[in-house]
Amino acid sequence: MDYIIRKLHALLCSKCRGKIRSLRLRRTPKTITAQKVDSLVSYLEIVNRVSVRLRVELNDVIAYRGHRKVEYELKPYLFRKDYEKLREKEAELLRQIEVAYPEEFSGMTTLDKLVKLQHYGFPTRLLDVTLNPLVALYFAAKDDDQNNTDGAVVVCRVPDEAVKVFDNDVAASIANLANLSADMKKILSYCPSDYELREDQQGNEWINFEDKKAKKSNSSPSESSTRVDTSIANPEEVNPIFSKNLVPNGFKLNTHAVNSAGYPKNSSAECTASEQYAYRGIESSLKKVMRKFIRFIKYDLPYYEESLTYHDILNPVYVKPKQLNRRIIAQNGAFLLFGMAKDRSDFFTQEKIIISGSAKKKILSELDAIGISEHVLFPELDKFLAHIRREKC
């Protein structure tokens, strides 16, 4: 597959190369399941082998996550089916929590707020991972249901370009998606992948509508005017500004509605007034959303340079957080921060190590003997007191 992509890359002109690069980034890595383990010793042998195999470049990060059940995916709670209603109210709930407990979130960036909410078990667009494979094994073996179902440790390769620190532009931009309403995120989702994330939207239009005379003379539009998303839904479903009287019934911005130059077309290869209105309306709404989005980002990062594109906030990234609490430190924790794409659970190359359900209790005992236990990984007072009570009673 890589050979074919390289050949195509060489044949295409320089203007098309960026699209091929993004195609490579978006391809879906396969999840490989490794063998089942039933002891700490066998786990250490396999996890070392898997980690070495997954590492391609020296700066790649190998992250681990433990799942109580094999079928679980690398997907944050906010993006799971049971939380669809909560995801629709993400921004509203974030505001509600801040209003109720302003002192808890004062002076925090949006990413810091999400980390704190994650700490208290509230569903966010963050997914906890660890750099310590023993910590991941503990969570895979921790079976609260006591039904001895097989667990799994997911070993995940994060390429260097997807590794971000807490104050990185990309990390701040993705985190601030939480401040946008569901309608705003829906409008934002219609961006072309190269749409620039900046407040001043001049020159960032999808389509530069010229008069029919210019179109009939086959004048070619500028490069900035050909950025058209080919998967947009019916405009009147996106924003109430679209009038059913002006937008044709069933009108969609798809490959059949756009000609080779990137202009809308109908049967006569000309753009009707109602089609122009639909395109202009979506573009106008997108600019308003973008201005608000950039202001949220700049509230966290005043030095944000507005150099990103929509593609940068589409896929998940690995975030090195501030060491805000003892739990993150104890668990050697980090986060996968998920962006606009709802289903990217297999975006990173990963392998699963199956943890035998019948061996979970033994594995927990072996981990406890080397200092990996609940009161160590959860160093809060209540966990420590519960540990003492279990030992002494």
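One can find the structure itself at the top, above this paragraph.
Here goes a summary of the coordinates provided.

What counts, and where the lines are drawn
- Residues numbered from 1 in each chain as written.
- Predicted model: local features only at pLDDT ≥ 70, side-chain atom pairs only at ≥ 80, totals over all residues.
- Heavy atoms only, no water.
- Helix = DSSP H or I, 4+ residues; strand = E, 2+ residues; numbered from the N terminus.
- Areas by Shrake-Rupley, 256 points an atom, 1.4 Å probe, with all protein chains shown as cover.
- Salt bridge = Lys/Arg side-chain N within 4 Å of Asp/Glu carboxyl O.
- Buried < 20%, exposed > 50% of the residue type's maximum accessible area, 1.4 Å probe, protein only.
- 1 Å grid on protein atoms, 1.4 Å probe; cavity = no way out; pocket = protein on both sides within 12 Å on 5 of 7 lines; lining within 4 Å.
- Points joined across faces, edges and corners; volume = space filled by probe spheres on them.
- Nonpolar A, V, L, I, M, F, W, Y, C, P; charged D, E, K, R; others polar.
- Lys, Arg positive; Asp, Glu negative; His and termini not counted.
- Polar contact = N/O pair within 3.5 Å; in protein donor to acceptor, adjacent residues only side chain to side chain.
- Pairing = 2+ DSSP bridges.
- Phe/Tyr/Trp six-rings, centres within 6.5 Å; stacked < 30°, edge-to-face > 60°.
- Lys NZ or Arg CZ within 6 Å of the ring centre and 35° of its normal.
- Core = buried A, V, L, I, M, F, W, Y, C linked by side-chain atoms within 4.5 Å.
- Axes fitted to C-alpha atoms, helices over the stretch in contact; angles between N-to-C directions.
- Parallel < 35°, antiparallel > 145°, perpendicular 65-115°, else oblique.
- Left-handed = near helix turned anticlockwise from the far one by under 90°.
- Contact = heavy atoms within 4.5 Å.

**Quick look at the overall build of the chain**
Here is step 1 of the chain: A tally of regular secondary structure across the chain gives 17 helices and eight strands.
Here is step 2 of the chain: When the accessible surface of the chain is split by element, carbon and sulfur atoms take 51% of a total near 20,900 Å².

**Let's talk about the pattern of salt bridges**
Pairing between side chains of opposite charge can happen when their charged atoms approach one another.
Here is step 1 of the chain: Taken as a whole and judged by the stated rule, the model has ten salt bridges.
Here is step 2 of the chain: A salt bridge links Arg53 to Glu351; its shortest N-O distance comes to 2.7 Å. With Arg53 in helix H3 (residues 40–54) and Glu351 in strand S8 (residues 349–355), the pair connects residues that are 298 residues apart, well separated along the chain.
Here is step 3 of the chain: What makes Arg53 partly exposed here is its relative accessible area of 47%.
Here is step 4 of the chain: When the shortest N-O distance is used, the salt bridge between Lys185 and Glu90 registers 3.2 Å. Of the two residues, Lys185 is situated in helix H10 (residues 182–188) and Glu90 in helix H5 (residues 90–100); the sequence distance between them amounts to 95 residues. The two residues Lys185 and Glu90 agree in class, both being buried.
Here is step 5 of the chain: Overlapping salt bridges, with partners in common, bring together Glu90, Arg125 and Lys185 in one network.

**Description of empty space enclosed by the protein**
Here is step 1 of the chain: Taken as a whole, this structure holds one cavity of 30 Å³ or more when the rule is applied.
Here is step 2 of the chain: There is about 80 Å³ of room inside the largest cavity.
Here is step 3 of the chain: Around the largest cavity, the lining residues are Leu78, Leu86, Glu90, Leu93, Leu94, Leu114, Leu117, Phe122, Pro123, Thr124 and Ala178.
Here is step 4 of the chain: Of all the secondary-structure elements, those providing two or more residues to the lining of the largest cavity are H5 and helix H7 (110–119).
Here is step 5 of the chain: Residues that form the lining of the largest cavity fall into these classes: nine nonpolar, one polar and one charged.

**With respect to the side chain of Arg65**
Here is step 1 of the chain: Residue placement: Arg65 occurs in strand S2 (residues 61–67).
Here is step 2 of the chain: Put simply, Arg65 is tucked away with no salt bridge, and the nearest opposite charge, on Asp128, sits 4.6 Å away.
Here is step 3 of the chain: Within polar-contact distance, the side chain of Arg65 engages the side chain of His67 at 2.9 Å.
Here is step 4 of the chain: Within the structure, the side chain of Arg65 is placed 2.7 Å from the backbone oxygen of Asp128, a separation counted as a polar contact.

**Let's talk about the pairing of S2**
Here is step 1 of the chain: Along S2, seven of the seven residues are buried, which leaves the element largely enclosed by surrounding structure.
Here is step 2 of the chain: Taking every second residue as pointing to the same face, both faces of S2 are buried, with Val61, Ala63, Arg65 and His67 on one and Ile62, Tyr64 and Gly66 on the other.
Here is step 3 of the chain: By the bridge criterion, seven bridges tie S2 to strand S4 (residues 151–158) in an arrangement that is antiparallel. In the strand pairing of S4, Ile62 is matched with Arg157.

**Thoughts on the packing of aromatic side chains**
Centre-to-centre distance and the angle between the planes together describe a pair of aromatic rings.
Here is step 1 of the chain: Taken as a whole and judged by the stated rule, the model has five aromatic pairs.
Here is step 2 of the chain: Relative to Phe378, the ring of Phe139 has its centre 5.9 Å away and its plane inclined at 80°; by these criteria the two rings are edge-to-face. Taken together, the residues span a long stretch of sequence, with Phe139 in helix H8 (residues 133–141) and Phe378 in the loop between helix H16 (374–377) and helix H17 (381–392) at a distance of 239 residues.
Here is step 3 of the chain: For Phe378, a relative accessible area of 15% gives the class buried.
Here is step 4 of the chain: Taken together, the ring pairs connect Tyr138, Phe139 and Phe378 into an aromatic cluster.
Here is step 5 of the chain: One residue, Arg80, lies across the ring of Tyr77, its end atom 4.0 Å from the ring centre.
Here is step 6 of the chain: Its guanidinium or amino end placed over the ring of Phe105, Lys116 lies 5.9 Å from that ring's centre, counting from NZ or CZ.

**Topic: the nonpolar core**
Here is step 1 of the chain: In terms of nonpolar packing, the biggest core is built from 42 residues, with Leu188, Met290, Phe293 and Ile313 touching the most fellow members.
Here is step 2 of the chain: Ranked by the residues each element gives to this core, the list is headed by helix H13 (residues 273–300), at seven residues.
Here is step 3 of the chain: Within the second largest apolar cluster, 27 residues are counted, among which are Ala34, Val153, Leu367 and Leu377.

**Examining the packing of H3 against H8**
Here is step 1 of the chain: Packing of H3 against H8 leaves a shortest axis separation of 11 Å and a crossing angle of 130°. As far as their axial angle goes, H8 and H3 are oblique. The element H3 and its partner H8 pack so that their crossing is right-handed. Contacts from Leu40, Tyr43, Leu44 and Val47 in H3 reach Pro133, Leu134 and Leu137 in H8.
Here is step 2 of the chain: Among the residues forming the contact of H3 with H8, the class breakdown is seven nonpolar, no polar and no charged.

**Some details on the packing of H8 against helix H15 (residues 360–369)**
Pairs of packed helices are described in terms of their axes, by the angle between the two and the distance that separates them.
Here is step 1 of the chain: Between H8 and H15, whose axes approach to 9 Å, the crossing angle comes to 145°. Relative to H15, the crossing made by H8 is left-handed. Across the interface between the two elements, Leu134, Leu137, Tyr138, Ala140 and Ala141 from H8 touch Lys360, Ile363, Leu364 and Leu367 from H15.
Here is step 2 of the chain: Of the residues in the contact of H8 with H15, the class split is eight nonpolar, no polar and one charged.

**A closer look at the layout of surface pockets**
Here is step 1 of the chain: By volume, the largest pocket is sized at about 1,000 Å³.
Here is step 2 of the chain: Along the wall of the largest pocket there are 37 residues; nearest its centre are Arg65, Tyr77, Asp128, Phe139 and Phe378.
Here is step 3 of the chain: Of all the secondary-structure elements, those providing two or more residues to the lining of the largest pocket are S2, H7, strand S3 (126–130), H8, helix H14 (326–330) and strand S7 (333–337).
Here is step 4 of the chain: A per-element tally of the lining of the largest pocket places S3 first, with five residues.
Here is step 5 of the chain: Looking at the lining of the largest pocket residue by residue, the class counts come to 19 nonpolar, nine polar and nine charged.

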